[in-house]
Amino acid sequence: FIRNIADKNKIKQQKWVIQYQMLQQELEEAKKKIEESSSTENIDGLLLYKIDNLKNRKHEEFETDTEKVRFIGKMLLLESSAVKNMYNIFNNLYTVKDKDWILLMDACMRFNSTFGDFLSANKDLLSEKEIRICMMIYADFTPKMMSYLLSTSKQNITSIRSRLYSKLYGERGSAKDLDDKIRAM
């Protein structure tokens, strides 16, 4: 019986290693493609930096399978076409369309069920703009990017994030507190 459990754990561990190796290969290929593209160089550099930071976590041990899933989900989200599209919109000063927000929502919910559950549980409490801010926080967008994509000031984004913390958690908190809570999901 114990040997059976050990074998299952070994198989599970091997699956994680294979998934991580495949993901790492996909990230390397995507990185090469991005580096070859000069038109979106500035903002893609920021995206590559975030992906590299996540990849460096491979040396850390995960305490639970949930952390591993969250890590892989975050990497996949940052590499998703929805996030790349939003970075491209920001970098080229395009206008965000409803379909872009829908794609980002789908990607956020698909790659992290905890975040998806969080959005679903609070959908009646939050406005459309607040939901979009939560998605952008989760996808590691900067306040500058958020302000451009939502056509408002950076100061307004900071104020909304502070109010959102109070609204969601019933206590005073800063914009950074909200960011930390959402990114920890």
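Remember, it's a predicted structure, so these values are computed and weren't measured experimentally. (Residues numbered from 1 in each chain as written. Predicted model: local features only at pLDDT ≥ 70, side-chain atom pairs only at ≥ 80, totals over all residues. Heavy atoms only, no water.)

Asker: Looking at this structure, how should I read the packing of helix α5 (residues 98–111) against helix α6 (residues 113–122)?
Answerer: Axes are the key here: two packed helices are described by the angle between their axes and the distance separating the axes. At a minimum axis distance of 5 Å, the contact between α5 and α6 shows a crossing angle of 120 degrees. In this view, α5 runs oblique relative to α6, as classed from their interaxial angle. Residues M105, C108, M109 and F111 of α5 touch α6, and the partners they reach there are S113, F115, G116, L119 and S120. (Axes fitted to C-alpha atoms, helices over the stretch in contact; angles between N-to-C directions. Helix = DSSP H or I, 4+ residues; strand = E, 2+ residues; numbered from the N terminus. Parallel < 35°, antiparallel > 145°, perpendicular 65-115°, else oblique. Contact = heavy atoms within 4.5 Å.)

Asker: I tried to follow the environment of G116 on my own but got confused; where do I start?
Answerer: Along the chain, G116 turns up in helix α6. According to the relative accessible area criterion, G116 is buried, its value standing at 5%. Separated by 11 residues in sequence, G116 and M105 place their C-alpha atoms 8.6 Å apart. (Buried < 20%, exposed > 50% of the residue type's maximum accessible area, 1.4 Å probe, protein only.)

Asker: In this structure, what is going on with the confidence of the model for the protein? I would like to understand it.
Answerer: Detail in the predicted coordinates should be disregarded across regions flagged by low pLDDT. Residues with a pLDDT of 70 or more make up 66% of the protein, whose mean pLDDT is 80. Predicted confidence for residues 38–43 stays below pLDDT 50, and this span has 11 contacts to residues more than four positions away or in other chains. (pLDDT = per-residue confidence, 0-100.)

Asker: What am I meant to see in the environment of K84 here?
Answerer: With respect to the helices and strands, the residue K84 is situated in helix α4 (residues 81–91). In the structure, K84 is positioned 20 residues away from L104 in sequence and 9.7 Å away in space, judged by C-alpha atoms.

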